[in-house]
Structures are given as C-alpha cells and as structure tokens.
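Okay, here's what each chain looks like letter by letter:
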Amino acid sequence: MSTVVQATPTRSVAIPPMPKADPCLVVIFGASGDLTKRKLIPALFDLACIGCIAGQQFDVLGTGRTEMTTEEFRASMREAASTSKDARKFSDWNWEQFEKRLHYVAGDINDHGFYESLKKQIGELEAQGASSNHMFYVSTPASLAPPIVQGLGKSGLAKNAKGWARIVLEKPFGRDLETAQALNKEVLQVFDEKDVYRIDHYLGKETVQNILVFRFGNSLFEPIWNRNYIDYVEITAAETLGVEQRAAFYEETGALRDMIASHLLQLLTLTAMEPPVAFDADSVREQKVQVLRSIHRMTPEQVAERTVRGQYGPGTIGGKAAQGYREEPGVKPNSRTETYVAVEFRIDNWRWAGVPFYVRSGKRLGKSETEIKVHFKRTPQAIFAKTPDDDIEPNVITLRVQPNEGIAMSFAAKQPGSQMKAVPVRMNFAYQDAFGGQAPVAYETLLLDAMRGDPTLFTRGDETENQWRIITPIEEVWQDLPAPQFPNYDAGSDGPEEANRLITSECRHWSRLGE
Ligand SMILES: NC(=O)c1ccc[n+]([C@@H]2O[C@H](COP(=O)([O-])OP(=O)(O)OC[C@H]3O[C@@H](n4cnc5c(N)ncnc54)[C@H](OP(=O)(O)O)[C@@H]3O)[C@@H](O)[C@H]2O)c1
C-alpha cells in the first residue's frame, strides 16, 4: 500500500526576471536545419520578448548551404516559431519586431571563400549598428565542426579586437575519445577554453540544476549521501518516441553515444559529485570531472558483465501499434544499432565505493520519463516484522527530471489500527504546484548564459574527454562481440529482459517505468 503526502511550499515564490545578455551578433552555422527551427530561434525569440536581449544590439546571421534570401529565411523561421510550443510569446506583433534582427547568407562550410564572404557580411551588419561581440553557434553535423573552427581561425573571425568571440558546439562532441581529443585540440588552437561552450541541453533543465540545490542547499541530505546509507542508485531516461526523422543520424550513433555518453553521465556526475567550494564554472566543473575520473575504464570482461544493449521490435504503445526499429524508414533491415542500453557504473572513490549506479536509456519504451532514484539501505533490524511481508521497504528519494518535475521521498509510517504495522508513504514535491508559472526552457537558459559569458552549465574540454574515456571501451568491446540477437524487446515494454541480469542482488531491482 502506498499513500501520497503532498509537500507544500512554505511561502509563495515569484520567479525572478531573467538577467540580460551582452549585446551580440549570433552567427548560426546550420540555420536551415532542424535544431535552428525547433529550438534555437524559438528560444532567442522568447528571450527577446521578455527583454533579455538588447533590441538594437542583437542580430542573428544564419548560414547554410540552402540558397535563400534573408526574407525567405525570416518566413521559414516565422512558420517554425508560430507552431513551436517553445516560442511561448508568439504573436504577429512580437514576431515582426524580432524578425528585423534575422539575416541569412548561404555558403558551404568546406569552401575557404565562404569565411571571407561571412566576414564581409558581418562587417556590413556592424556598419548598420550590429554588435561587435560575436557568438558562433555550430548547429551542423558534428563532422563539420573542425572545418568551421579552422575557417574562423584563418579568417581572423575567432580573434575579435572590437569585442568578444565565443563558439558554441552542439553535441555530440566527437564520437569517441580520439575524435574528442582531436576536436578539443583543434578548437583550443583557435579559441581560449573560456570562450568555448560545449552544450548538453540537459544541463539547461531546471530540474537538473535542482539536483545541486537539493544536495547542497539542504543540510538534511548531504550527511547520508554516501556508501554508508545508500544501497544503489538508478538513473533512467526512457522515451516512447522512436527515431522520428533522424534515422541516418541514429544509425551512426546509437543509444550509448547519444544518451549515455552525455546526458546520463551528466546526471550521474551531478548526483555523485563532491560539494564545490562555490557555484561557479571552475568549481562545479572540477568536481564533475573528479567523478568521471573515478570511473575506471572497463575491461572486456567487465563490459560483458556490466552492460546490456537492446533494439526494439514491433509492439504497442498507448494502445497504438508501433513498428520495430528495423522497419523504420532509413534504418537498415539488419541494423545492429542499439536503441536501448543499461550499464552498471562503479565510482571508485571514498564516498561511493561499493555503491552501484545502474543507468539505462531506451527508445520506444512503455513510458517517457527521466529520473534518478536513490535507494537507501534497509533498517538494520526489522523490529515490526512478524512475517516477511511486514518488512519495511527501504527509503527511496526520486529526483524527477521529466515529466511531473519534482522530488519524491518514500518512507514508512504506522498504519492506523491496533497492530504495529509499517506501510510505505510517499511525500511529493511538484515543481509546477510549488512555483506555478513557466520555467525557462533549457535552450533559453543556455543561450542566455553563453551570451552573458557564464560557462557553468556547459561541458569543459577535459569533461568531454573523460566521458568518452568511459564510453569508448564499451563501444570497442561491443564491436568485437558476435552480433546481438536483435530485436530483443517489444516496443511499449520496459526494455529487454536481459537488463535484469545486471542487478544480481535480491534486494535490488529496476523500477517499473511509471512506478
Ligand atoms: N535536432 C535536434 O533535436 C538536435 C538535438 C540535440 C543536438 N542536435 C545537434 O545539433 C546539430 C544540428 O542538428 P540538426 O538536427 O539541426 O541537423 P540538420 O537538420 O541535418 O541540419 C544540418 C545543418 O547543417 C547544414 N550543413 C550541412 N552541411 C553543410 C555544409 N557543407 N555547408 C554549410 N552548411 C551545411 C545544413 O544546411 P543545408 O540543409 O542548407 O544543406 C543544415 O542547416 C547536430 O550536431 C545534432 O547532433 C540536434
């Protein structure tokens, strides 16, 4: 039996206004692409509407191979913003003010001449009053980041005498340790680390940032946040969605690279890191890197023992038939790409020795949810138990990243009546109920931080390399193993049965999705 107890805020809290960005010109490489339409322009538009970016001193120069005029670019962005749920302030009047700041120039990133025409275009915009601070946003396939960096270096656009020049790099940052190191080397020959913003949009989510507030803004939890009290940690990012329009990208990437290498290792480091001395970029990122450094490279035997991969076959989600991965348009009929991964990570440091971190992520699962469940140890004695069924369930703290963002805590309470019987109850804190209003979407937060020069929520170069140092050996062992028996889970299920073999202790188990 489980009863829910609601946690209420102790006082009403209004969401404070967002800070202001520096004046700047945002140059987007890949402005004719999906991310620009769906995320970047809606986020910049909303930031402009709420007064976070300086009207006359803010411009966007979009670039892509597609030949189009500035007017055509504006029309295409308008269409995207008008239907985007992220462009929350959309109205004809608001858009007309914003679109005056949008410009477009076509060109091929691999063409050396393109950077000269870009420079000329930037010069012309500056002559018309655009800011001399430049933010270069790389929203192209990852393989194009090196030529962009080289082009910006050679043309002199990366060193800006009249203002700052920053570069924002979309994930994935490389595809293994070697490519991440090479890319870091290339980028750091042209830009200083302080001007490099490697984006992982999970860090822009309010509830992800709240992990740090929960841990280090309360004296209640930190003393028990260690191997003495915690039995194991479960981190789940489950999606009901399949690969949608991105089959070509996904076929090359797979769940391990797409989700575990970045988003889930971010959640793990925030859950496991030591308290930073201050909430600033260096202190926070240093502690995150320390966690990654404590995860040892797995041997081939450990990869076989501690990882499970899966691929979905046909099934049913929410009452609707869903096709298998190999039947999706653009996917090879004998694809070996994994759409599900479960990994047991061990953090070999003083705080976490002996506490497994079970991490899983998959597509086309029965529920969409991202959450961290911290399972505490059992009480040392079951003093109320007369039968095994009377055992008190261990406490669990759930940090819900999405949906129903919030925190839940389960504990035992006495069941009313003459018997001394303990039942689990759950105390629930829901972000929406406590604060109401609308929190900024992740891309708004991150774009604003990059325009203000605050890299705290971006990934440092050595952090990305340490992420790949952990992930690449897994990928390499998988390549050498016989082809897995795919598909091995039904669309709409909780994932492959085999994932259960990772958790061998009787007292531990994967939570059912939606539990
Ligand atoms: N979409 C998402 O939800 C999402 C989420 C997280 C991260 N990301 C990352 O964001 C980046 C962009 O993703 P996306 O989905 O927007 O990709 P996309 O839709 O395929 O767009 C790619 C963009 O790159 C441009 N491009 C490609 N080759 C070029 C070249 N040689 N010269 C000039 N421009 C070139 C394309 O221009 P033309 O089309 O005009 O040729 C297009 O504007 C990727 O690194 C991706 O991993 C995307």
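Quantities reported herein were computed from a predicted structural model and do not represent experimental measurements.

Trainee: So, the site of the ligand: which residues are in play, and what are the values?
Mentor: In the vicinity of the ligand, 23 residues are found, and the nearest of them are Ser32, Asp34, Leu35, Arg38 and Thr66. One nitrogen or oxygen atom from the main chain of Gly30 is found 3.3 Å from an oxygen atom belonging to the ligand. With respect to the ligand, the backbone of Leu35 contributes an N or O atom lying 2.8 Å from an oxygen atom. For the ligand, the protein covers 81% of the area, taking 900 Å² as the surface of the free molecule.

Trainee: Could you give me a rundown of the pairing of strand 15 (residues 369-376), with the residues and numbers involved?
Mentor: For strand 15, a buried count of 8 out of 8 residues is recorded, marking the element as mostly surrounded by other parts of the structure. The alternating pattern of strand 15 places Glu369, Glu371, Lys373 and His375 on one face and Thr370, Ile372, Val374 and Phe376 on the opposite face, and all of these are buried. In this structure, strand 8 (residues 230-238) lies alongside strand 15, joined through 8 bridges in antiparallel fashion. Along strand 15, the bridge assignment pairs Ile235 with Ile372. In terms of strand pairing, strand 15 meets strand 16 (residues 396-402) through 6 bridges, oriented antiparallel. When the bridges of strand 16 are listed, Thr370 appears paired with Gln402.

Trainee: Please set out the domain arrangement of the protein chain residue by residue, giving values where relevant.
Mentor: Domain annotation for the protein chain reports domain 1 (24-170) and domain 2 (203-502). Computed over C-alpha atoms, the centres of domain 1 and domain 2 are 34 Å apart. Counting residues at the interface gives 20 residues for domain 1 and 12 residues for domain 2. Buried area between domain 1 and domain 2, summed over both chains or domains, comes out near 1300 Å², and the portion from carbon and sulfur atoms is 70%. Sorting the residues of domain 1 by area buried against domain 2 places Leu47, Arg88 and Arg166 first, and these three jointly supply 37% of that buried surface. Counting every contact that joins domain 1 to domain 2 gives 1 salt bridge. The salt bridge partner of Glu444 is Arg88, with a shortest N-O separation of 3.5 Å. Summed over the shared surface of domain 1 and domain 2, the result is 3 residue pairs in polar contact (both at pLDDT 80 or more).

Trainee: Give a detailed account of the side chain of Asp86, specifying residues and quantitative values.
Mentor: Along the chain, the position of Asp86 falls in the loop between helix 2 (70-82) and helix 3 (92-99). On the basis of relative accessibility, which here comes to 8%, the residue Asp86 falls in the buried class. Within the structure, the side chain of Asp86 is placed 3.0 Å from the side chain of Lys39, a separation counted as a polar contact.

Trainee: I'd love a proper account of the nonpolar core, names of residues and values included.
Mentor: The biggest cluster of nonpolar side chains holds 143 residues, and the ones touching the most others in it are Phe345 and Met451. Ranked by the residues each element gives to this core, the list is headed by helix 8 (residues 247-272), at 13 residues. Residues from two domains meet in this core; each of domain 1 (24-170) and domain 2 (203-502) gives at least three. Setting aside its immediate chain neighbours within four residues, Met451 contacts Ala21, Asp22, Cys24, Val26, Leu44, Leu47, Ile53, Phe58, Met135, Trp164 and Arg166.

Trainee: I'd like to hear about a nonpolar patch on the surface, residue by residue, with values.
Mentor: A contiguous nonpolar patch, built from Ile383, Phe384 and Met420 and spanning about 300 Å² of accessible area, is present on the exposed surface. Along the chain, Ile383 turns up in the loop between strand 15 and strand 16.

Trainee: Any chance you could break down helix 12 (residues 442-452) for me, citing the residues and the numbers?
Mentor: Of all 11 residues in helix 12, 10 are buried, a share of seventy percent or more. Among all positions in helix 12, only Ala442, Tyr443, Glu444, Thr445, Leu446, Leu447, Leu448, Asp449, Ala450 and Met451 are buried. Directly after helix 12, the chain includes Gly453, whose backbone phi takes a positive value near 80°.

Trainee: How would you explain the sheet that holds strand 5 (residues 134-138) if you had to name every residue and give the values?
Mentor: Think of a sheet as strands paired side by side through backbone hydrogen bonds, with each pair either parallel or antiparallel. Taken in spatial order, the 6 strands of this open sheet run 4-3-2-5-6-7, and their pairing is parallel. Here the strands that pair on one side only, and so sit at the sheet edges, are strand 4 (102-106) and strand 7 (196-198). Across the sheet, the mean angle separating the axes of adjacent strands is 20° when strand polarity is ignored. Its contacts with the sheet put helix 2 on strand 3 (58-64) and strand 4, and the angle it makes with strand 4 is roughly 120°. Relative to the sheet, helix 6 (residues 177-190) contacts strand 6 (165-169) and strand 7, its axis offset from that of strand 7 by approximately 150°.

Trainee: Run through the pattern of salt bridges, naming residues and quoting values.
Mentor: One pass over the structure, following the stated rule, counts 30 salt bridges. For Lys363, the salt bridge is made with Glu239, and the minimal N-O distance between the two is 3.0 Å. Of the two residues, Lys363 is situated in the loop between strand 14 (356-362) and strand 15 and Glu239 in the loop between strand 8 and helix 8; the sequence distance between them amounts to 124 residues. Take Glu239: its relative accessible area is 21%, and that puts it in the partly exposed class. Arg297 is the salt-bridge partner of Glu476, the closest N and O atoms lying 3.9 Å from each other. Of the two residues, Glu476 is situated in helix 13 (residues 461-480) and Arg297 in the loop between helix 9 (281-293) and helix 10 (300-306); the sequence distance between them amounts to 179 residues.

What counts as what
Residues numbered from 1 in each chain as written. Predicted model: local features only at pLDDT ≥ 70, side-chain atom pairs only at ≥ 80, totals over all residues. Heavy atoms only, no water. Near = heavy atom within 4 Å. Polar contact = N/O pair within 3.5 Å; in protein donor to acceptor, adjacent residues only side chain to side chain. Areas by Shrake-Rupley, 256 points an atom, 1.4 Å probe, with all protein chains shown as cover. Buried < 20%, exposed > 50% of the residue type's maximum accessible area, 1.4 Å probe, protein only. Helix = DSSP H or I, 4+ residues; strand = E, 2+ residues; numbered from the N terminus. Pairing = 2+ DSSP bridges. Domains from an automatic or database assignment. Contact = heavy atoms within 4.5 Å. Buried area = accessible area lost by both parts, 1.4 Å probe. Salt bridge = Lys/Arg side-chain N within 4 Å of Asp/Glu carboxyl O. Core = buried A, V, L, I, M, F, W, Y, C linked by side-chain atoms within 4.5 Å. Patch = residues over 30% accessible without salt bridge, like charges linked within 9 Å, V, L, I, M, F, W, Y side chains within 5 Å. Axes fitted to C-alpha atoms, helices over the stretch in contact; angles between N-to-C directions.

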